[in-house]
Amino acid sequence: MRPTLPRLVNILVPVKRSIDYAVKIRVASDGKGVDTNVKHSMNPFDEIAVEEAIRLREKKTTKVDNITAISIGPAKAVDTIRTALAMGADSGIHITTPENAVVEPIAVANALKKIIDDKKFDLVIMGKQAIDDDSGSTGGMLAGLLGWSQGSFASKLEVEDGGKVNVTREIDGGLEKIEAKLPMIVTTDLRLNEPRYASLPNIMKAKKKKIETFKPEDLGLDLTPRFETISVSEPPKRQGGGKVESVDELVSKMKEAGVI
Amino acid sequence: MSAPRQISRLLSRRSLISSSRRSTPTPIFKSPNLSVRHGSHLPPRSNQFTQPTKEHLDALKAISSSTLSTLDGSATEEELRSFNDDWMNKYHGKGSIVVKPKTTEEVSEVMKYCYEKGIAVVPQGGNTGLVGGSNPVHDEIILNLSNLNQIRSFDEVSGVLVADGGVILETADHFLAEKGFIFPLDLGAKGSCHIGGNVSTNAGGLRLLRYGSLHGSVLGLEVVLPDGRIWNGLSKLRKDNTGFDLKQLYIGSEGTIGIITAISILCPRRPSAMNVAVFSLESYEAVQKVFAEAKGHLGEILSAFEFFDKQSYALVKKHQEENGGERKVFETEGDFYCLIETGGSNAEHDEAKLTGLLEHLMENEMVLDGVLAQDSTQFQSLWSLRELVPESAGKAGSVYKYDVSVPVGKMYGLVEKMRAKLREGGVLEGDGKSEGPIRAVAGYGHMGDGNLHINIVANKYTDEIEKIIEPYIYEIVAENEGSISAEHGLGVMKAPYIGYSKNETSMELMKQIKQLFDPKGLLNPYKYIV
């Protein structure tokens, strides 16, 4: 019996430039969004996705041919793609949008589908959600549009040589293991891995890696939002606590507040 | 409450006297009569001080209601332990009264009373010192300033902050961060230490390279004098050439000539763009070269340059492993590591400069490997590699901590000499000759300030080990024209050794100053200048 030819897997990793996890979010003066003139970084779940793609290659149980990082966003989204390249992705795709343009999950899913139709990918690893809009729907929409299997909220991922994929998912009250075949979409949960640091030699190498740039119209895409944001507001401010001198005072205050 | 107060994160630097900036290059004077005393052998109690009694306690309670004491059973010995012991658990005072005044006036009344009665007093801030300066040696009353914790005013145009001495450093910095400013001092103990204590010990810390010493940024002070008088020197002026600059005497005086109850300090704008990179290097020479290159390429945005050796890194890795937070950082590890932080107001500008430096270092093979933080989470975790060194050493055993200033080129030679000395003494673990009690000798510090920390990790504190280390370590510092205390101060630990760094005239003048301010010698006795 002839051995089956090793399958070469091409991985696409969508990465989003979002407001840095540690930044304190402030509502913008027009009340329709947040102040975006702050530090941005790669969405942490996407960072986990990039790391997982690189680990799949390093494990060598699967032959990974190419890892492509893709971002849809303004000019500075290139920095996010560069970070993915510095971590170990091979090439990048940038679909440019105007500064501060809102791109809804369905538009992102359509754009990704277009890229996947044009170029051959077998596996998409992406964050389960972006920490800015918390939609958490792009992965599912993309699977639906492509008609591919999906393993969402992955906390463990194994890809076997024949294209069989085992995904352990974090669900309410425990773990669920599913089995599927490539091609498929995997969305990452927090415990999947801890992303590596970008090393200097890799940062330097990343500068020479290729990033293809497209305008949405080049790809025949319409990214116009379908929703209108009416208003964005801050959660109510926490009331400061007060000090009481005695137990009696505490009890009377609690009665006053109607909690006892 | 036996556990030392939470030392928010990682302890690293605190306090004291900055003798590294001596203006005259006087030869180092070694007193032939230097009375050498080891840490565990403290000076006897002086009879000139009145022993605190129940009667004194009642009077103090009338002045300040938050007074705790074992004399009337309002506190147990156990409860006073966190005031009597230092956080390293190396120094153990026997104070029976802790006063925690809520206002400057209360501090003043307490001092007036103690001065009249001849009772010795030790002022205490966050009690995060490393030289036993903030704990009683015998039965001194502990005057703890933690209730004096209000921010008084902030001017958003000039950046001048006026705040009580008992405000916690991190609290002050968070307050300033909201307004887009930064406290010009940062150190590992920031979650516990007080700004009044920082000033009275002239704390140096991680950002001295960028913002300079407190001698420059402190504009004014409010001080309660040993006799209880209040000196209001809370100036907000940057320029004031009218007479002696008295506040300078208090910066680094370690509570020996007055109690700082409020400070006025100039705070710079908080940098909006910050980056951090950590490198592994093969030698100390390489660290020095990278330092020179960093200054050249980065200019004004360089905000910290720290180094640590592989022994320090090993301690941190072990500590992180035990706590489940280990993470591979370098492909190629080295004998040395350095951390560079930049802070500026324009992210693109900073990044262009930093990238230029990184390319230069890589192309010329000046570093073995390195990583650059890609987001704020990585920024924190890379900083923790350096900031966790003291805490990791503390977890590994009993630590002899030394903090010295020497010319940058000679800095690491001291660590090597210390290792050789300990090996010679047969106390270094795994040197073949003996299963010694010393587990590690780690060197790290603030390269930018010529400030080296040597941490000697032992199974426990013993006289035998201490006698091998001291005064040898001070001798080698003096040989290199260094200071035996760069930023930790003298306290009780280094008081006997000041002669290695200061000549007789300096010491004589210091004694005269002490006599002038505190003729009864009641404030923080047995320490500093003895």
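Residues numbered from 1 in each chain as written. Chains lettered and ligands numbered in written order. Predicted model: local features only at pLDDT ≥ 70, side-chain atom pairs only at ≥ 80, totals over all residues.

(A) Quick peek at the overall build of chain A. In terms of helices and strands, chain A carries six helices and 12 strands. Seen through its C-alpha atoms, chain A measures out along the principal axes to roughly 85 × 40 × 40 Å. By the burial criterion, 38% of the 260 residues in chain A qualify as buried. Sequence-distant contacts, at least 24 apart, represent 70% of the contacts inside chain A between residues at least 6 apart. (Helix = DSSP H or I, 4+ residues; strand = E, 2+ residues; numbered from the N terminus. Buried ≥ 20, exposed ≤ 12 C-beta atoms within 10 Å, placed from the backbone. Contact = placed C-beta atoms within 7 Å.)

(B) Here's a closer look at the domain arrangement of chain B. Residue and element names in this part refer to chain B. Segmenting chain B into domains produces domain 1 (19–144) and domain 2 (151–266). For domain 1 versus domain 2, the distance between C-alpha centres works out to 21 Å. Counting residues at the interface gives 14 residues for domain 1 and 20 residues for domain 2. When residues in the side of domain 1 that touches domain 2 are grouped by element, the largest group, seven residues, is from helix 3 (residues 104–117). Tallied by class, the residues present in the side of domain 1 that touches domain 2 amount to five nonpolar, seven polar and two charged. (Domains from an automatic or database assignment. Nonpolar A, V, L, I, M, F, W, Y, C, P; charged D, E, K, R; others polar.)

(C) Molecular detail of the nonpolar core. The biggest cluster of nonpolar side chains holds 209 residues, and the ones touching the most others in it are Ile11, Val13, Val50 and Ala53 of chain A together with Cys338 and Leu414 of chain B. No other element matches helix 12 (residues 376–396) of chain B, which puts eight residues into this core. Shared between two domains, this core takes at least three residues from each, and those domains are domain 1 (19–144) and domain 2 (151–266) of chain B. Among all residues touching Ile11 of chain A, those that are not within four sequence positions of it are Ala53, Val64, Ile67, Phe121, Leu123 and Ile125 of chain A. (Core = buried A, V, L, I, M, F, W, Y, C linked by C-beta atoms within 7 Å.)

(D) Main features of the packing of helix 10 (residues 310–322) of chain B against helix 12 of chain B. All names here are of chain B. Between helix 10 and helix 12, the shortest axis-to-axis distance is 8 Å and the interhelical angle comes to 75°. Here helix 10 is positioned roughly perpendicular relative to helix 12, judged by the angle of their axes. Counted together, Ser312, Leu315, Val316, Lys318 and His319 of helix 10 and Leu385, Leu388, Val389, Glu391, Ser392, Ala393, Lys395 and Ala396 of helix 12 form the full contact between these two elements. Looking at side-chain class alone, the contact of helix 10 with helix 12 contains seven nonpolar, three polar and three charged residues. (Axes fitted to C-alpha atoms, helices over the stretch in contact; angles between N-to-C directions. Parallel < 35°, antiparallel > 145°, perpendicular 65-115°, else oblique.)

(E) Broad picture of the pairing of strand 8 (residues 230–233) of chain B. Of the pairings in the sheet, the one linking strand 7 (residues 218–224) of chain B to strand 8 of chain B comprises four bridges and is antiparallel in character. Its bridge partner lying in strand 8 of chain B, Val223 of chain B is registered against Trp231 of chain B. (Pairing = 2+ DSSP bridges.)

(F) Structural view of the environment of Gly126 of chain B. Residue and element names in this part refer to chain B. Positionally, Gly126 belongs in the loop between strand 3 (121–124) and strand 4 (141–144). In this structure, the C-alpha to C-alpha distance between Gly126 and Tyr313, residues 187 residues apart in sequence, is 28 Å. Setting aside anything within four residues of it in sequence, one finds Gly126 in contact with Ile168, Ala189, Ser192, Cys193, His194 and Gly197.

(G) Broad picture of the pairing of strand 9 (residues 174–181) of chain A. Residue and element names in this part refer to chain A. The element strand 9 is largely exposed, with a buried count of zero among its eight residues. Pairing between strand 8 (residues 164–171) and strand 9: eight bridges, direction antiparallel. Within strand 9, the position partnered with Arg169 by the bridge is Glu176. The turn joining strand 8 and strand 9, which pair antiparallel and follow one another in sequence, is formed by two residues; a positive phi near 80° is taken by Gly173.

(H) Fine view of the interface of chain B and chain A. Residue-level contacts link 15 residues of chain B with 15 residues of chain A. For the side of chain B that touches chain A, the secondary structure elements donating two or more residues are helix 11 (347–363), strand 13 (369–372) and helix 12 of chain B. Per-element tally for the side of chain B that touches chain A: the top contributor is strand 13 of chain B, with four residues. Across the side of chain B that touches chain A, the residue classes tally to five nonpolar, five polar and five charged. Pairing between strand 11 (residues 198–199) of chain A and strand 13 of chain B: two bridges, direction antiparallel. Counted as the bridge partner of Ala198 of chain A is Leu372 of chain B from strand 13 of chain B.

(I) Inspection of the sheet that holds strand 5 (residues 151–155) of chain B at higher detail. Residues and elements named next belong to chain B. Pairing is antiparallel across the open sheet formed by five strands, whose spatial order is 5-6-9-7-8. Of all the strands in the sheet, the pair left with one neighbour each is strand 5 and strand 8. Each adjacent strand pair in this sheet contributes to an overall mean axis angle of 10°, direction not counted. Pairing between strand 5 and strand 6 (residues 160–164): four bridges, direction antiparallel.

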